[in-house]
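# Structural features, examined
Residues per chain, in single letters:
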Amino acid sequence: YTELTTAIRTYQSITERITSSRKKIKQVKENLLSCKMLLHCKRDELRKLWIEGIEHKHVLNLLDEIENIKQVPQKLEQCMASKHYLTATDLLVSAVDSLEGPLLQVEGLSDLRLELHSKKVNMHLVLIDELHRHLYIKSTGWLGQKLREKGKTSAHPKDVSPSPLLDVSNFSTPRKFLEVSQYSTPGSTSGSVRELNIQDIKEDLDTDPEENSPMFMGILIKALAKLKKIPETVKAIKDRLEQELKQIVRRSTTQVADSSYQRGENLCQENQPRLLL
């Protein structure tokens, strides 16, 4: 009897412990489910905040880009005034690409978009005019200067013989200047300008861009290439070739005539008899 009572009590104690453990396990399961739901909601909230942060960052970048583009017209005027056309072309092309790309749907930039398109067309015309000026005027202007200097120094008080004609065979023409070794690659035997890659041409904002006329023409060609206007440029050069050559002949004739007249005046003054007072 005593053993039976002990066994019953032991079984009852074990049953109570099992029941308590089941309740605890059920509570743990409920807590785990609650944590899972809470963690799931927290993850969605964090994802939402992350997406909002990306959107805000994108908006800030667009605002910075819009602010920079609004300053492009002023920067363009400064570059055009100093004739730094390559820098101006880079600014213009970059701004137009942005206005036709990420900022295409921004209605507030429509006027600026039209203005920059107009400036792009005008830039093309300005570059062609500058290229013609250096091809046909700057490249031949040095000859007129030489003729004028020759006319001034041809007459000498003790030498009234006719001065020799101006020898232009030894002058460094623009083409000869383009073929000097400064444009060749190290170790090469030829100094052809074709060895200079147009991608290697860079613009120095601290110097006069027209100081080196051949390099300036290279900058103009690179700027036209960035504008994708090389075919139009070639056509414009061909169309104006005859007219520009006639202008060169006309200017050269006038310069030679003026030089000859000045030389004659100097000779007459030197050969006049001196009057006794």
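Just above sits the structure.
Summarised in this report is the structure supplied together with it. Within every chain, residues take consecutive numbers counted from 1 along the sequence as written. Only residues with pLDDT of at least 70 get local features here, since the model is predicted, and only at 80 or more are side-chain atom pairs given and counted; chain-wide, interface and lining totals rely on the full set of residues. Computation of side-chain values: all heavy atoms of the structure, hydrogens and water removed.

### Let's talk about the overall build of the protein
This is how the line gets drawn: Put simply, DSSP marks the helices as runs of H or I at least four residues long and the strands as runs of E at least two long, and each gets a number from the N terminus on. Residue burial is assigned from relative accessible area. The probe radius is 1.4 Å, only protein chains are included, and a residue is buried under 20% of its type maximum, exposed over 50%, and partly exposed in between. Note on definitions: a residue-residue contact is assigned when non-hydrogen atoms from the two residues lie within 4.5 Å. For the accessible areas, the method is Shrake-Rupley and the probe is 1.4 Å, while residue cover comes only from the protein chains on display.
Counting its secondary structure elements, the protein contains 7 helices and 0 strands. Secondary structure elements of the protein, listed N to C terminal, follow the sequence α-α-α-α-α-α-α. Within the protein, the fraction of its 277 residues that count as buried is 23%. Considering only residue pairs separated by 6 or more positions, the protein has 72% of its internal contacts joining residues 24 or more positions apart. Split by element, the accessible area of the protein, about 20,500 Å² in all, is 57% carbon and sulfur.

### A word on a nonpolar patch on the surface
Rules: Distance thresholds for patches are 9 Å for like charges and 5 Å for nonpolar side chains (Val, Leu, Ile, Met, Phe, Trp, Tyr), applied to residues having over 30% relative accessible area and no salt bridge. By definition here, a salt bridge exists when the distance from a side-chain nitrogen of Lys or Arg to a carboxyl oxygen of Asp or Glu is within 4 Å.
On the surface, a nonpolar cluster with roughly 320 Å² of combined accessible area is contributed by Trp 50, Ile 51 and Ile 54. One can find Ile 51 in helix 1 (residues 2–70).

### Some thoughts on the packing of helix 3 (residues 85–99) against helix 6 (residues 213–226)
Inclusion rule: Lines fitted to the C-alpha atoms define the axes, with helices restricted to the stretch that makes contact. Angles between their N-to-C directions range from 0 to 180 degrees. Oblique is the label for any angle not under 35 degrees, not over 145, and not in the 65 to 115 range, which are roughly parallel, roughly antiparallel and roughly perpendicular in turn. For this scheme, ten residues count as nonpolar: Ala, Val, Leu, Ile, Met, Phe, Trp, Tyr, Cys and Pro. Four count as charged, namely Asp, Glu, Lys and Arg, and the remainder, Gly too, count as polar.
Between helix 3 and helix 6, the least distance of the axes is 9 Å, while the angle of their chain directions is 10°. In terms of their interaxial angle, helix 3 and helix 6 are classed as roughly parallel. Two secondary-structure elements touch here, helix 3 through Tyr 85, Leu 86, Thr 89, Asp 90 and Val 93 and helix 6 through Phe 216, Ile 219, Leu 220, Lys 222, Ala 223 and Lys 226. Taken together, the residues that form the contact of helix 3 with helix 6 break down as 7 nonpolar, 1 polar and 3 charged.

### Notes on the packing of helix 2 (residues 72–81) against helix 3
Stated formally: Take the far helix as your reference; a near helix turned counterclockwise from it by less than a right angle gives a left-handed crossing, and one turned clockwise gives a right-handed crossing.
Where helix 2 contacts helix 3, the two axes come as close as 8 Å, and the packing angle between them is 160°. Classified by the interaxial angle, the pair formed by helix 2 and helix 3 is roughly antiparallel. The hand of the helix 2/helix 3 crossing is left-handed. For the pair formed by helix 2 and helix 3, the contact residues are Val 72, Lys 75, Leu 76, Cys 79 and Met 80 on the first element and Tyr 85, Thr 87, Ala 88, Leu 91, Leu 92 and Ala 95 on the second.

### Notes on the nonpolar core
Soluble globular proteins: nonpolar side chains tend toward being buried together. Worth spelling out the cut-off: Nine residue types can take part in a nonpolar core, namely buried Ala, Val, Leu, Ile, Met, Phe, Trp, Tyr and Cys, and a core is a set of them joined through side-chain atoms within 4.5 Å.
Within the largest apolar cluster, 30 residues are counted, with the highest numbers of intra-cluster contacts made by Leu 76, Leu 99, Leu 116, Met 123 and Leu 127. When residues of this core are traced back to their parent elements, those giving at least two are helix 1, helix 2, helix 3, helix 4 (110–153) and helix 6. At 8 residues, the largest contribution of residues to this core is made by helix 3. In this view, Leu 99 contacts Ile 69, Leu 104, Leu 109, Leu 112, Arg 113 and Leu 116; residues no more than four positions away in its chain are not counted.

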